[in-house]
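Chain residues, written in single-letter form:
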Amino acid sequence: MPESLERDLGGPVHVADHRGRGRPLLLIHGLGGSHVNWSAVADPLAETGSVRAIDLIGFGYTPLAGRSSAVDRQRDLCIDYLRSEFDEPAALIGNSMGGLVALRIAHAAPELVESLVLVDPALPVIRPRLDADVLKGLVLPLVPGIGPRSFERRHAAAMDDPSSYLSELYDMLFVDASRVRPEDARLALDMARRRAEMPWVTDAFVDAARSIFLILSRRRHFARWVGEITAPTLVVQGEKDRLVDVASARWLVERNDRFDLEVFDDIGHVPQLECPERFLETVTPWLAETAEAASRS
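Residues numbered from 1 in each chain as written. Predicted model: local features only at pLDDT ≥ 70, side-chain atom pairs only at ≥ 80, totals over all residues. Heavy atoms only, no water.

Grouped together as the largest cluster of nonpolar side chains are 52 residues, with contacts concentrated most on I54, L116 and F222. When residues of this core are assigned to their parent elements, the largest contribution, seven residues, is made by helix α3 (residues 97–108). Formed by 34 residues, the second largest nonpolar core is a distinct cluster that contains A40, A46, C275 and F279. (Core = buried A, V, L, I, M, F, W, Y, C linked by side-chain atoms within 4.5 Å. Buried < 20%, exposed > 50% of the residue type's maximum accessible area, 1.4 Å probe, protein only. Helix = DSSP H or I, 4+ residues; strand = E, 2+ residues; numbered from the N terminus.)

A separate point is the environment of D260. In this structure, D260 sits in strand β8 (residues 259–264). Measuring from C-alpha to C-alpha, the distance between D260 and A249 comes to 9.8 Å, with eleven residues separating the pair along the chain. Residue contacts for D260: discarding those within four places in its chain leaves T233, L234, V235, V253 and W286. (Contact = heavy atoms within 4.5 Å.)

Moving on to the packing of aromatic side chains. All told, the structure shown has four aromatic pairs when counted by the stated rule. When the ring of Y170 is compared with that of F174, the centres are 4.9 Å apart and the planes differ by 90 degrees; the resulting orientation is edge-to-face. Assigned by exposure class, Y170 and F174 land together as buried. Among the aromatic residues, ring-to-ring pairing joins F222, W225 and W251 into one connected group. Seen from the ring of W225, R104 lies directly overhead, with NZ or CZ sitting 4.6 Å from the centre. (Phe/Tyr/Trp six-rings, centres within 6.5 Å; stacked < 30°, edge-to-face > 60°. Lys NZ or Arg CZ within 6 Å of the ring centre and 35° of its normal.)

Here the focus is the environment of A177. By the element assignment, A177 lies in the loop between α6 (162–173) and α7 (182–195). What makes A177 partly exposed here is its relative accessible area of 28%. Taking the C-alpha atoms as reference, A177 lies 9.6 Å from G268; in sequence the two are 91 residues apart.

Bringing the pattern of salt bridges into the picture now. Applying the stated criterion to the full structure yields 19 salt bridges. One salt bridge connects R19 with E3, and the closest N-O pair in it is separated by 3.9 Å. Here the residue R19 occupies a position in the loop between β2 (12–17) and β3 (24–28), and E3 occupies one in strand β1 (residues 3–8), the gap between them amounting to 16 residues. The salt bridge partner of D72 is R104, with a shortest N-O separation of 2.8 Å. Within this pair, whereas D72 is found in helix α2 (residues 71–85), its partner R104 is found in helix α3, the two being separated by 32 residues in sequence. By relative accessible area, which is 23% here, D72 ends up partly exposed. Each of D176, R179, K240, D266 and E274 takes part in one network of salt bridges that share partners. (Salt bridge = Lys/Arg side-chain N within 4 Å of Asp/Glu carboxyl O.)

As a further point, take the pairing of strand β6 (residues 113–119). One face of the sheet, then the other: side chains in a regular strand alternate in exactly this way. Here β6 lies mainly inside the structure; seven of its seven residues are buried. Alignment of strand β5 (residues 90–95) against β6, held across six bridges, turns out to be parallel. Within β6, the position partnered with L92 by the bridge is L116. On the question of chirality, the crossover connecting β5 to the parallel β6 by way of α3 is right-handed. Relative to strand β7 (residues 233–238), β6 is paired through four bridges, and the arrangement is parallel. In the sheet register, L116 faces β7, and the bridge partner there is T233. (Pairing = 2+ DSSP bridges. Right-handed = clockwise from strand over helix to strand, strands pointing away.)

So, on to the side chain of D245. Examined against the element boundaries, D245 turns out to sit in the loop between β7 and α10 (246–253). You can call D245 buried: its relative accessible area is 7%.

Read from one edge of the open sheet, eight strands run β1-β2-β4-β3-β5-β6-β7-β8, paired in mixed fashion. The sheet is open, and its two edges are formed by β1 and β8, each paired on a single side. Strand-to-strand twist of the sheet, defined as the mean angle between neighbouring strand axes without regard to direction, takes the value 20 degrees. Strand direction decides the pairing type here: β2 and strand β4 (residues 50–54), joined by three bridges, are antiparallel. (Axes fitted to C-alpha atoms, helices over the stretch in contact; angles between N-to-C directions.)

This part is about the side chain of H35. Its location among the elements puts H35 in the loop between β3 and α1 (42–45). Exposure remark for H35: the relative accessible area of 11% places this residue in the buried category. Non-local contacts of H35, meaning those with residues more than four positions away in its chain, are made with H14, A16, H29, A53, D55, Y61 and M191.

Bringing the packing of helix α8 (residues 201–217) against helix α9 (residues 219–226) into the picture now. Put simply, α8 and α9 touch, their axes get as near as 5 Å, and they point 85 degrees apart. Between α8 and α9, the interaxial angle falls into the category roughly perpendicular. Seen from α8, the contacting residues are I215, L216 and S217; seen from α9, they are R219, F222 and W225. Considered class by class, the residues forming the contact of α8 with α9 number four nonpolar, one polar and one charged. (Parallel < 35°, antiparallel > 145°, perpendicular 65-115°, else oblique. Nonpolar A, V, L, I, M, F, W, Y, C, P; charged D, E, K, R; others polar.)

What follows is the structure, encoded as structure tokens:
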């Protein structure tokens, strides 16, 4: 089990320390997620380095505490954490919104980043699709007035029945939710129950979601700054992701010749939970190769 740490970085921040020794690895979860999104892979990754899974502002056990949960505020939080905790560049592994945060860190503070693994990162839409569940869950909360009230109703439903809420969420995130290990599903359910009691959940979700939309809607600007990133980057993409289309992942890697793409067939938005063995078989040797290359440079 990881050790729970609390740091003061302009407010309390919860971090799960999976220990390990050597090169630091920071795991960054997605919108609505937490450190438990890495439960299936964090300990094996700790065999290759010092692994920490951070709870972003307003998510997991990190409260809003008067702070914004917008993407660039999360970027600044992670930069502060990396500078305060580690004396060498880290590998960043980010899923969904966490992948976008990792990209922003690598652009703003390249000296802190050895490499990036972007797991179904939030990206501009290249091939529009109509998916009613995704529209209801991610787009509707962006609508002023209606959006927050809609999310509050979903949050109230989650408070009443966290198990059913999580099952509905799993249908959107995974191709086959039965692939998730029972112990990881239990951790997610426990977190959902705890989150149902936190008063800042709606504000944090809506603030973060709107900031994602604003960044991704400026596709030309996005392409420009992504092209400036110098860290070697591996993009891991679920072929059947309903939230981020594989066309967007292919578009991303074409923006920067340091980026490589690995597509997982028949996998959804959270490969590290749906196919942890394949995830580790892909990511672990890649991290080792980039670490070795960094040590020679």
